[in-house]
Each structure stands twice: as structure tokens, then as C-alpha cells.
Amino acid sequence: MFAKVLIVLLIVLVVAMVVLYFIGKKMQKKQAEQEAQIEAAKQTVTMLIIDKKKLKLKESGLPAAVLEQTPKYMRRAKFPIVKAKVGPQILSLICDAAIFDVIPVKKEVKATISGIYITDVKGIRGKLNTAPAKKKGKFKAWVEKMQEKAGAKPLK
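Note that the structure is a prediction, hence the values are computed from the model and not measured.

Scoring rules and cut-offs
Residues numbered from 1 in each chain as written. Predicted model: local features only at pLDDT ≥ 70, side-chain atom pairs only at ≥ 80, totals over all residues. Heavy atoms only, no water. Helix = DSSP H or I, 4+ residues; strand = E, 2+ residues; numbered from the N terminus. Patch = residues over 30% accessible without salt bridge, like charges linked within 9 Å, V, L, I, M, F, W, Y side chains within 5 Å. Areas by Shrake-Rupley, 256 points an atom, 1.4 Å probe, with all protein chains shown as cover. Salt bridge = Lys/Arg side-chain N within 4 Å of Asp/Glu carboxyl O. Lys, Arg positive; Asp, Glu negative; His and termini not counted. Charge placed at Lys NZ, Arg CZ, Asp CG, Glu CD. Buried < 20%, exposed > 50% of the residue type's maximum accessible area, 1.4 Å probe, protein only. Pairing = 2+ DSSP bridges. Axes fitted to C-alpha atoms, helices over the stretch in contact; angles between N-to-C directions. Contact = heavy atoms within 4.5 Å. Core = buried A, V, L, I, M, F, W, Y, C linked by side-chain atoms within 4.5 Å. Phe/Tyr/Trp six-rings, centres within 6.5 Å; stacked < 30°, edge-to-face > 60°. Lys NZ or Arg CZ within 6 Å of the ring centre and 35° of its normal.

S.K.: For this particular structure, what's the right way to read unusual backbone geometry?
M.R.: The phi dihedral of Lys106 falls on the positive side, at around 65 degrees, and the residue is not glycine. Topologically, Lys106 is positioned in the loop between strand S3 (89–95) and strand S4 (108–114).

Laid out in C-alpha cells, this is it:
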């Protein structure tokens, strides 16, 4: 009896893994196509960053067309939104989450944008501040302390 249950569970797990594998491959292809589109449409502009926040799409001030094209499950999520002055216009732009912490407020930057999506930021006058390092957890700090006492190299 126990063996039958175990075999059924094993079969269900194998089927789930196969389904997840194919879904992952499909999503990977979609992401590669989107990256190619972003690369094709990118341009470099100078902008003054006014403000940056993580907001829901409805609160962000983005055009209605963007709200309509966004999938329903993503509408409740918070996005990194940057309000910037590009030329004479003040625009709300969506920022890449990886560079959101690096973007300085109230400074002029040279940004690479693709549509309303900021992909890269470089400072015009001097370097940009790097993102602050994350605090170590208590366990990791304790492990490093013990390794120092033992004379071993700390783990990376």
C-alpha cells in the first residue's frame, strides 16, 4: 500500500517537473524577445531626476494605454517609477529594478531609455553613488566572527 502511494507521488512529481521545464523554456524565449526589442529601441537622453518611488501603476501617472496593456495580475504590484524632466517635458518612467537604488534624486544624469523604460543610468558630473550594501544577518556575522577566531578564511 505504501509503495503504491509513493509511486503515484513520484509520477506526479515527475509530471510537474516536466511541465515546469517546458513553461520555463517558453518564458525564457519570451524574455529574450523582449530584451531584443528593448535593445533595438534604446536611446540615450539627458534628464533631471525629480523624484523616484515604488508605486502601483494607477498611482504612478503613466498613460492610460500602459495601464490597459498591463496584465491584470501585475496591476496590483508596485513598480519603480522615476519622475524626470526630459527636455521641457516632465515624464513618469518605469525604471529597471536593478538600477533603481543607484539613480540619484535632484541630479542630472545620462540615461538609456527604451520607450518609457529606463535601462541604464550614468552620471554627467562625477560618479553615481552605488547602492548601499545590505546588512549582514546575525548568523552570518557570527560565522565570520568564529572563522576569524579560528584563523580560517571567511566564506564569500
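S.K.: So what exactly am I meant to see when it comes to a positive patch on the surface here?
M.R.: Together, Lys56, Lys58, Lys72, Arg75, Arg76 and Lys78 give the surface a local cluster of positive charge. Note on placement: Lys72 falls in the loop between helix H3 (64–69) and strand S2 (78–86). By relative accessible area, Lys72 is classed as exposed at 65%.

S.K.: Quick question: what am I supposed to make of the pairing of S4 here?
M.R.: Put simply, side chains in a regular strand alternate between the two faces of the sheet. With five of seven residues buried, S4 is to be regarded as a mostly interior element. Alignment of strand S1 (residues 43–56) against S4, held across six bridges, turns out to be antiparallel. When the sheet's bridge partners are listed, Val45 is paired in S4 with Ala111. Where S4 lies against strand S5 (residues 117–123), six bridges are found, and the strand directions are antiparallel. Each residue of the ladder has a partner; that of Ala111, found in S5, is Val121. The turn linking S4 back onto S5 is made up of two residues, and Gly115 within it adopts a positive phi angle of 70 degrees.

S.K.: Even after reading the chapter, I still don't get the sheet that holds S5, so can you show me in this structure?
M.R.: As a general point, the strands of a sheet are linked pairwise by backbone hydrogen bonds and lie either parallel or antiparallel. Spatially, the five strands close up into a barrel ordered S1-S2-S3-S5-S4, and their pairing is mixed. Here the average twist between neighbouring strands, direction ignored, is 50 degrees. Alignment of S2 against S3, held across six bridges, turns out to be antiparallel. Bridging from a neighbouring strand, Ala84 pairs with Leu91 of S3. Here helix H1 (residues 2–41) sits on the sheet in contact with S1, S4 and S5, set at roughly 125 degrees to S4.

S.K.: For this particular structure, what's the right way to read the nonpolar core?
M.R.: Across soluble globular proteins, nonpolar side chains show a tendency to be buried alongside one another. With 16 residues, the main nonpolar core has Met47, Ile49, Val82, Ile118 and Val121 as its most contacted residues. Setting aside chain neighbours within four positions, we find Ile49 in contact with Val82, Lys83, Ala84, Ile103, Pro104, Val105, Lys106, Lys107 and Val109. If you look at the next biggest cluster of nonpolar residues, it comprises seven residues, including Leu55, Leu62, Ile81 and Ile94.

S.K.: What should I look at first to understand the packing of aromatic side chains in this one?
M.R.: Remark: the centre distance and the inter-plane angle together describe each pair of aromatic rings, the angle taken between the planes. Applying the stated rule across the entire model yields two aromatic pairs. A ring pair is formed by Tyr21 and Phe22, whose centres lie 5.3 Å apart and whose planes are at 75 degrees; its orientation type is edge-to-face. Among the residues examined, Tyr21 registers a relative accessible area of 48% and is labelled partly exposed. Measuring from ring centre to ring centre gives 6.0 Å for Phe139 and Trp142, while their planes differ by 35 degrees; the resulting arrangement is tilted. With Phe139 and Trp142 both in helix H4 (residues 138–150), this residue pair falls three residues apart, about one helical turn. Given the relative accessible area of 62%, Phe139 is considered exposed. For Trp142, a relative accessible area of 48% gives the class partly exposed. Against the face of Phe100 rests Lys52, its NZ or CZ located 5.0 Å from the ring centre.

Everything listed here is a matter of coordinates, which is why it stays silent on function.
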